[in-house]
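# An overview of the molecular structure
So you can see what is in the structure, the chains are spelled out below.
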Amino acid sequence: MAEPAVELIGVSAGYPAVGGRRRVLDGASLRVDAGEMIALLGTNGSGKTTLLRIVAGTLRATAGEVRLLGRPIHEWSRPEIARRVAVLPQTTDVPAGMRAAELVALGRIPHGRSWFGADAGDADAVAAALRDADAAELADRRADELSGGERQRVLLAMALAQEPRVLLLDEPTLHLDLAHQVALVRMLERLRATRPLTVIAVLHDLNLAAAFADRSLLLHDGRVVAAGGPGSIDAALAQRTFGVPLAEATADDGSRVLALAIGNRRETPKKNEPNADC
Amino acid sequence: MAHRAPLLLSALLTLLLAACSAPAATPAPASTQPATPLPSASTAPSAYPVTVTDDAGTELTLDAAPERIVSLAPSSTEIVCALEACDRLVGVTDFDDYPAEVADIDDVVINAQVDVERVVAAEPDLVIAAGNEITPSAVIAQLVELDLPVLVLYPETLDEVYDDIRLVGTLLDAQAGADELIAGMEARVDAVVEAVADADRPRTLYEVFYAEGSTYTAGEGSFLASLIDLAGGEPVTGDAQGLIGSEDLVAADPQLILLGTASYDPTLADADAARTAVAARPGWADLSAVADGRVVPYTDDIVTTRPGPRIVDGLEALARAIHPDRFD
Amino acid sequence: MRAAAAAPPIALGPSLGRSSLVLGTGVVLLLVIGAVGVTLGTSGVALGDAVAIVLHRLLGIGPVSWPASSETIVWDLRLPRVLAGMLVGAGLGCAGTVFQALLRNPMADPYIIGTAAGASLGAVAALLVPALLPFAVGGWMGLGLVQILAFAGGLGTVLVVYAVARGQGGTPVVTLLLAGYAISSLLAAGVAMLMFVSGDRLAAVVSWLLGSLGGASWPRLAFAGPLIVVSFALMVVRWRGLNALLLGEQQAAYLGLEVEREKRILTGLAALATSAGVAVSGTIGFVGLVVPHLLRLAFGPDHRLLLPASMVYGAVLLVLADLGARLLGGIPVGVLTALIGAPFFLWLLRRSLVLRG
């Protein structure tokens, strides 16, 4: 059996709020093995982003146990975690006046040893990260002038520059058109082939999750309510979770997918050609 | 405009004893050694070394007659010159205007800012500073730290002006000249007092500064108030700084208004124009002085507020303004 | 997959050559302006004498051929003043860079969360009650009560602001700014009140509030110098944290930064440098606001270069402005920092707009 990369056992967590804490995670448990690709599904507010913060160690669990690479997470220091876990958040400020390569180099901060500047190892890691994120040709561009898709690749390269064992992606497809969504998923598949990565990605698109992930985890009211391989999430449960009618269908390639079961009221609009770039 | 600040300050002679007696600003000169050897030390009369206590309560000892004097206030310049030592001045302020020959002396105070570098460059063996922040206490401390002999003068009454003249006279070994000067001043003061002795004493507002409803006049217990009193007027005073509120002013109802501001503001120099301007201020039209037309542009503010030998000129000017009939 | 075998090396930050050029130029400029500052003044010390005096005092070489007063002017007036300008300017530049990075606010300057208001209240109180404390008599280590209370007031206010703004989940930047603004307003009201009752000492109060290097002396340098230099050094080595904060606090945490701890340390260091500077010179505006912006526009946001450069160029600007202030009859140095810095800054701002289209 594979080594566990991330384990949560009965984890509760939340944020300070007026009159106490607002609990977002409520006894969530999961286990992700090294090398797995996990899609995290759930409605808004179900605790997906909070769960990523718990795994990244920037939010402390109020109850339960969090283990990273077999060790309780509170035993790791922040830089130690950052050398093992990288996060691609929903939004990141991109500082003005920085070139893409410099931005990616910020991913080397947790590895920083010298008092000043970068060493050869840093340069190699940045080059590899740019290459693996399909961003090598962007290296000398100004980061604040990149398109949405380009920026996403550069930020992914920054996360890769951390040389993480666990990569957390928070709705990485949020602002991408369909072509770029697919391209991103393909890239993640390639990445897994070249790097020893465990990937946990928050996704909204059930079909993308099915296509991308080894397993999907369904989060509802702060708990993991279902887990399973592609298509194994129970349609009835998912329907209750998301509050929309869902139906199982069989895709062209024979895989089972969940699809919105809303009848077409109108002629299906012509599918837009995805832009070459945003 | 920068000239107004020291003028204002010197006009508002208050009893901030705590402030001007603070030894913090002027610890005793560490060594009392003059910064440079005195070329004329051999010719010094036997009066030296001489030790005096200045208005800040600090002792100052001079081993020889000062030959290079820096004066940081026009009043001190006038005292030195009145003691016939004008030629020993090597630094004055850019506001110095009396006697005329001081115009040729280098300025070490420009726009009311003491240029310490110029003071040091003048190689003084005596620096006469003014108290009560007219010379900033920080500057005095700096000069003392640089081993310069600093004398702080800050007279708040006529008697203290005499004392300061005597003090400078002692340091210059000119006691006889000082006594003679003081005797002359006292005689003229007596003459003024006598002239106005049995006259009516009008409630007199001396306007030091006016802006947007804030009137500054003689402060309570101030030098200026005492001069108005000597000149035969009943001074209408403000608080320690001379500020008087509009309501207090109306309640005090001055019978005579002397516009000291006319010394600097030419638009007030004409009596009719001044009266119109003053009557337009909120609440002023009903003051007795305005109603009776006794608003007088007063152009002798400089001698009236400069505590040097010419303070008697100021007193005489005040008396003439308050009682023109007594000085025909 | 694209091969990157023959790709040219990727620059990960400001190159060594570029950094050396930027900093080297600044240091040379600083030395030149410093030398000019020691050489020029309002009194006629011969140009050669000024250099000879400094060499004589430093190295004990050369025969004494100048009047004693020249030595006093050069060694006790001009040199401490130039050095104080360097220290205070460098401290303000560096602290400004740190506060702008921490607070992520373009209007942030070293005074923003209370140092100026606290130092002003301390100094003005000290100016008005000189006989209140034993320190007042003779000072302490060559420092007056004004310097001590200004320093304590500046640093203390930042601590209070930080304590007020600190909540369960850290110290949000917006709360910090608002708390700083509120407490500064409160203290400014105190300053205004004291000014109102200051009477004859108003001139001293105003001149302190305008800021001046005129009071610089060796003892004051001995006090502020080590504080500022140590806080510099500790700020410069934290460039990684400041760079991480460029991406926002959440992302900085993902990059391994203990964000709240780092914010506390950096705020403390920047406040220390600022307060020590304010104690020497009063509040001098503009340097700490514009120098970091200027350098960021010119050289990018990487703090490896930005921090040392903001020190060097902050020092250059202040020494230059102070030289002008001295030669122009003692006008407030803050007026000149703005007169010199603002047009240059506007030019750079316009240029960056044009370049970006």
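Procedures and definitions
- Residues numbered from 1 in each chain as written.
- Chains lettered and ligands numbered in written order.
- Predicted model: local features only at pLDDT ≥ 70, side-chain atom pairs only at ≥ 80, totals over all residues.
- Core = buried A, V, L, I, M, F, W, Y, C linked by C-beta atoms within 7 Å.
- Buried ≥ 20, exposed ≤ 12 C-beta atoms within 10 Å, placed from the backbone.
- Helix = DSSP H or I, 4+ residues; strand = E, 2+ residues; numbered from the N terminus.
- Contact = placed C-beta atoms within 7 Å.
- Pairing = 2+ DSSP bridges.
- Axes fitted to C-alpha atoms, helices over the stretch in contact; angles between N-to-C directions.
- Expected span 1.5 Å × (residues − 1).
- pLDDT = per-residue confidence, 0-100.
- Parallel < 35°, antiparallel > 145°, perpendicular 65-115°, else oblique.
- Left-handed = near helix turned anticlockwise from the far one by under 90°.
- Nonpolar A, V, L, I, M, F, W, Y, C, P; charged D, E, K, R; others polar.

## What about the nonpolar core?
- One finds A:Leu40, A:Val104, A:Leu130, A:Val154, A:Ala157 and B:Val127 to be the most contacted residues of the largest nonpolar core, which totals 290 residues.
- Here this core takes 19 residues from helix 3 (residues 68-103) of chain C, the largest share from any one element.
- In contact with A:Val104, not counting residues within four places along its chain, are A:Val126, A:Ala129, A:Leu130, A:Val154, A:Ala157, A:Met158 and A:Ala161.

## A word on the sheet that holds strand 7 (residues 166-170) of chain A
All names here are of chain A.
- Spatial strand order, 6-7-8-3-9-10: six strands in an open sheet with mixed pairing. At either end of the open sheet lies a strand with only one pairing partner, and these are strand 6 (85-88) and strand 10 (223-228). The average angle at which neighbouring strand axes cross in this sheet is 20°, direction not considered.
- Looking at chain direction, strand 3 (residues 37-42) and strand 8 (residues 198-202) are connected through four bridges and run parallel. Looking at strand 8, one finds that Ala39 is bridged to Ala201.
- Packing of helix 1 (residues 48-56) onto the sheet brings it into contact with strand 3, strand 6, strand 7, strand 8 and strand 9 (215-220), and relative to strand 7 it is tilted by some 155°.

## Section: helix 12 (residues 287-299) of chain C
Residue and element names in this part refer to chain C.
- Helix length check: helix 12, at 13 residues, gives a terminal C-alpha distance of 17 Å against a target of 18 Å (1.5 Å per residue), a fit within 8%.
- Where burial is concerned, most of helix 12 is hidden: 10 out of the 13 residues are buried.
- Those residues of helix 12 lying buried are Val287, Gly288, Leu289, Val290, Val291, Pro292, His293, Leu294, Leu295 and Arg296.
- Remark: Gly300 follows helix 12 within two positions and exhibits a positive phi of approximately 90°.

## A look at unusual backbone geometry
Residue and element names in this part refer to chain B.
- Cis geometry marks the peptide bond from Tyr98 to Pro99; its omega dihedral reads -15°.
- Here Asn111, not a glycine, exhibits a phi torsion of approximately 50°, which is positive.
- Turning to its location among the elements, Asn111 is positioned in the loop between strand 5 (107-110) and strand 6 (113-114).
- Although it is not a glycine, Ala112 sits at a positive phi angle of roughly 65°.

## Re the confidence of the model for chain B
- Of all residues in chain B, 86% attain a pLDDT of 70 or more, and the chain-wide mean is 85.
- Across chain B, strand 3 (residues 69-71) of chain B holds the top mean pLDDT of 97, while helix 2 (residues 17-20) of chain B sits lowest at 32.

## A short note on the sheet that holds strand 5 of chain B
All names here are of chain B.
- Here we have six strands laid out as an open sheet, ordered 6-5-4-3-7-8, and mixed in their pairing. At either end of the open sheet lies a strand with only one pairing partner, and these are strand 6 and strand 8 (150-153).
- In this structure, strand 7 (residues 126-130) lies alongside strand 8, joined through four bridges in parallel fashion. Following the sheet pairing, Val127 is matched in strand 8 by Val150.

## What about the packing of helix 8 (residues 218-236) of chain C against helix 11 (residues 259-281) of chain C?
Residue and element names in this part refer to chain C.
- For the pair helix 8 and helix 11, the least separation of the axes is 9 Å and the interaxial angle reads 155°. With respect to helix 11, the axis of helix 8 lies roughly antiparallel. The hand of the helix 8/helix 11 crossing is left-handed. In contact with Arg220, Ala224, Leu227, Ile228, Ser231, Phe232, Leu234 and Met235 of helix 8, helix 11 contributes Leu266, Leu269, Ala270, Leu272, Ala273, Ala276, Gly277, Ala279 and Val280.
- Of the residues in the contact of helix 8 with helix 11, the class split is 14 nonpolar, two polar and one charged.

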